[in-house]
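If you want the building blocks of each chain, they are given just below.
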Amino acid sequence: MASATQRIPSKRQTLDEAYAPPANFLEIEVINPITHGVGKMRYTDYEIRMRSNLPVFKQKESSVRRRYSDFEWVRAELERDSKIVVPTLPGKSYKRQLPFRSDDGIFEEEFIENRRKALELFINKVAGHPLAQNERSLHIFLQEATIDKNYVPGKIRTA
């Protein structure tokens, strides 16, 4: 019975192997929220910083700025075009947008930080899915300076 619970012998790892870059990685951070404008024209955007060595991404590092509505766009595109179940986004927080509030509503620091964390979790779940990684809309969202909403949906082909 002891042999059934015995550990499988592991291969000894060299220091070079231990500190080498991982075989495949995809790191996405949602950072540096900035609120722009005043009154009804006020909005917050976030820096989306991506690093990857996956062959499907033509740029290995990118940094773009995105608003909440851009996250809604990529979610809708992936839901329509891919065969994956796309996770939900953090809520719209309509109550925080009501006029005559005693606080800053959706522009309050704590709210922005909580939303930033939730958006980072969302985009990492989505981009980590192998089928989503082939969708042109995800590549546009992560790597293009501006989102072309008139793009032709499709798959990304790797050579």
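Counting starts from 1 at the beginning of each chain's written sequence and moves along it residue by residue. Local features in this predicted model are restricted to residues whose pLDDT is 70 or higher, and side-chain atom pairs enter the listing and the counts only when it is 80 or higher, whereas totals over whole chains, interfaces and linings include all residues. Excluding hydrogens and water, the side-chain values take into account all heavy atoms of the structure.

Under an unreviewed UniProt entry, the name given to the protein is Sorting nexin-3, and the organism recorded is Caenorhabditis japonica. UniProt positions are given in the numbering used here, feature names are shortened, and annotations may be inferred rather than shown by experiment. Recorded in UniProt for the protein, the comment headed Sequence similarities (unreviewed entry) runs: "Belongs to the sorting nexin family." Under the UniProt heading Function (unreviewed entry), the note attached to the protein is "Required for retention of late Golgi membrane proteins. Component of the retrieval machinery that functions by direct interaction with the cytosolic tails of certain TGN membrane proteins during the sorting/budding process at the prevacuolar compartment. Binds phosphatidylinositol 3-phosphate (PtdIns(P3))."

Colleague: Please clarify how helix α2 (residues 68-81) should be interpreted in this entry.
Modeller: Every α-helix carries 3.6 residues per turn, so stepping three or four residues along brings you back to the same face. Under the scheme used here, helices are H or I runs from DSSP no shorter than 4 residues and strands are E runs no shorter than 2 residues, and both carry numbers assigned from the N terminus. Here the expected length of a helix is defined as 1.5 Å per residue gap, with one fewer gap than residues. Taking 1.5 Å per residue as the helical rise, α2 with its 14 residues ought to reach 20 Å, and the 20 Å between its terminal C-alpha atoms agrees with that figure. Relative accessibility decides the category of a residue: with a 1.4 Å probe and only protein chains considered, values under 20% of the type maximum give buried, values over 50% give exposed, and everything between is partly exposed. Listed as buried for α2 are Y68, D70, F71, W73, V74, R75, E77 and L78. Tucked inside the fold, the buried residues of α2 contact β1 (26-36), β2 (43-52), β3 (61-67), α3 (109-127) and α4 (136-143). By the convention used here, residues are in contact when the closest approach between their heavy atoms is within 4.5 Å.

Colleague: Looking at this model, I keep getting lost on the environment of R49. Mind explaining?
Modeller: By secondary structure assignment, the location of R49 is in strand β2. Through-space distance from the C-alpha of R49 to that of E61 is 7.5 Å; in sequence the pair is 12 residues apart. Discounting chain neighbours no more than four positions away, the residues touching R49 are E27, I28, E29, I31, N32, S62 and S63. N or O atoms within 3.5 Å of each other form a polar contact, as long as, within protein, one can give a hydrogen and the other can take it, and as long as residues adjacent in sequence are counted only when both atoms are side-chain atoms. At 3.1 Å, the side chain of R49 and the side chain of E47 are in polar contact.

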